[in-house]
Amino acid sequence: MADLSIKIGHTTFKNPIFVASGTFGYGTDNPELVDVSNIGAIVTKSITLNPREGNPPPRIVETPSGMINSIGLANIGVEKYISELLPIYEVMDTPIIMNIAGSSITEYIDVMKKVEAVSSNIVGYEINISCPNVKEGGMEFGVDCEMTEKLTRELRNFTDRLLIMKLSPNVTDITAIAKSSENGGADAVSAINTVVGMSIDHKTKKSNIYTTYGGLSGPAIKPVGLACVHKVFNAVKIPIIGIGGMVSSHDVIEYILAGSCAVQIGTANYRDPGIAEKILNDLNDYLDEQNLNSITSLIGAVKTYV
Ligand code: SIN
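The text that follows walks through the structure, step by step, so that each part is easy to find. (Residues numbered from 1 in each chain as written. Predicted model: local features only at pLDDT ≥ 70, side-chain atom pairs only at ≥ 80, totals over all residues. Heavy atoms only, no water.)

Focus on the pattern of salt bridges
This structure, assessed with the given rule, holds 8 salt bridges. Where Lys222 meets Asp251, a salt bridge forms, and the shortest distance between an N and an O atom there is 2.7 Å. Pair noted here: Lys222 is in helix H6 (residues 222-233) and Asp251 is in helix H7 (residues 249-258), with a separation of 29 residues, a long-range link. Here the two residues Lys222 and Asp251 agree in accessibility, since each one is buried. Across the pair Asp272 and Lys278 runs a salt bridge whose closest N-O atoms are separated by 2.5 Å. (Salt bridge = Lys/Arg side-chain N within 4 Å of Asp/Glu carboxyl O. Helix = DSSP H or I, 4+ residues; strand = E, 2+ residues; numbered from the N terminus. Buried < 20%, exposed > 50% of the residue type's maximum accessible area, 1.4 Å probe, protein only.)

Dropping the structure here:
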């Protein structure tokens with residue numbers, strides 16, 4: 001069997017199939033449906049300093065080959081994350097990456113400081129600078145190079161754990177934001193968060209999303225994700241965790257060829273919470289068929305014409 005392990009910063013993961021923030025709850029919801037110990041890592045739902053109710057409904061709608069969400073960072077807040085979830089993670093045989101969101105640099109720092117102040121086995125942080133669904137913070141950081149670099153640098157001071165910046169595709173040049181993350185000291189970037197979209201009911205003439213716009217995810221955005229990952233791969237030296245519309249091992253291989261060293265399965269979890277495990281098995285079969293000993297030789301190996 002091929003070696004599926006990958007290294008990001010100083011952390012080694014047993015395989016490159018992670019589940020994406022916001023699509024797998026806090027990783028504790030469906031023990032009977034999925035053996036999470038087989039997953040490379042769980043990225044937990046965005047956590048802010050205080051609990052949030054999120055946006056009013058409707059906040060999810062299915063679209064052709066995808067869905068639009070505008071959840072608005074609904075979450076339990078960092079205190080509950082620490083008291084209720086960290087003890088569960090201690091006994092789970094799966095690496096946990098905590099996703100943090102904030103409306104100011106201080107909020108991101110405060111959340112991280114609280115978690116760093118207690119003992120836990122989480123392996124790192126994914127910093128959400130790309131949520132399109134909130135008025136303050138969210139994507140505000142991820143569209144601005146200076147703010148991205150400043151936030152990354154500040155957070156770097158407070159942790160030796162993995163620091164991953166989650167990038168938005170809703171920018172003119174994603175490579176500039178990736179470079180700012182690298183310059184600020186990030187260990188990796190994850191790309192992409194959702195693509196701003198809109199859905200209208202032609203019968204009622206109403207928007208299908210309360211906030212009018214939301215974030216499009218699912219297979220519809222896979223080509224956008226591949227292009228972003230490939231551009232970032234050519235621009236930075238730090239590893240890239242690919243996200244966007246993967247539903248099969250073939251999709252994963254495409255993301256790895258484009259330059260990802262690991263991937264996050266997102267929207268597909270809603271259809272089948274066990275899909276990450278299935279993709280992992282298929283990936284193993286693919287590598288065996290191709291007589292490949294390790295997955296790392298495929299990273300960025302796409303053959304382009306120019
Ligand atoms: C949301 O909570 O609105 C989605 C989070 C995100 O897109 O980052």
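From this point, the narrative continues.
Some remarks on the layout of surface pockets
By rolling a water-sized probe across the atoms, one finds the places where empty space is left. If you add up the space inside the largest pocket, you get close to 820 Å³. Lining the largest pocket are 43 residues, and of these Thr23, Met67, Ser217, Thr267 and Tyr270 sit closest to its centre. Looking at the lining of the largest pocket, the elements that each hand over two or more residues are strand S5 (60-63), strand S6 (66-69) and helix H8 (268-271). Of the voids in this model, the second largest pocket is the one considered here, and its volume is about 350 Å³. Taken together, 19 residues make up the lining of the second largest pocket; nearest its centre are Asn55, Asn133, Val134, Lys135 and Glu136. (1 Å grid on protein atoms, 1.4 Å probe; cavity = no way out; pocket = protein on both sides within 12 Å on 5 of 7 lines; lining within 4 Å. Points joined across faces, edges and corners; volume = space filled by probe spheres on them.)

Let's talk about the pairing of strand S9 (residues 162-167)
Burial of S9 is extensive: 6 of the 6 residues sit out of reach of the surface. By the alternation rule, side chains of S9 split into Leu162, Ile164 and Lys166 and Leu163, Met165 and Leu167, which are all buried. One ladder, built from 5 bridges, connects strand S8 (residues 124-128) with S9; its direction is parallel. Bridging across to S9, Tyr125 finds its partner in Leu163. As paired elements, S9 and strand S10 (residues 188-191) share 4 bridges and run parallel to each other. Considered in S10, the bridge of Met165 is made with Val189. Running through helix H5 (residues 174-184), the crossover from S9 to the neighbouring parallel element S10 is right-handed. (Pairing = 2+ DSSP bridges. Right-handed = clockwise from strand over helix to strand, strands pointing away.)

Details of unusual backbone geometry
With an omega dihedral of 0°, the bond running from Pro57 to Pro58 counts as a cis peptide bond. With respect to the secondary-structure elements, Pro58 resides in the loop between strand S4 (41-43) and S5. Omega for the bond connecting Ala191 with Ile192 falls within 30 degrees of zero, at 15°, which places this linkage in the cis form. Positioned with a positive phi, Lys205 is a non-glycine residue whose angle comes to about 65°. Inspection of the secondary structure puts Lys205 in the loop between strand S12 (200-201) and strand S13 (206-207). Taking relative accessible area as the criterion, Lys205 reaches 71% and is therefore assigned exposed.

A word on the sheet that holds S6
Ordered by their spatial adjacency, 4 strands build an open sheet running S5-S6-S14-S11, and the pairing between neighbours is antiparallel. Across the chains shown, the open sheet's two edge strands, defined by having one partner strand only, are S5 and strand S11 (195-198). Within the sheet, the average angular offset between the axes of one strand and its neighbour, ignoring direction, is 40°. As judged from the 4 bridges shared by S11 and strand S14 (residues 213-217), these two strands associate in the antiparallel manner. The partner of Gly197 across the bridge, within S14, is Gly214. (Axes fitted to C-alpha atoms, helices over the stretch in contact; angles between N-to-C directions.)

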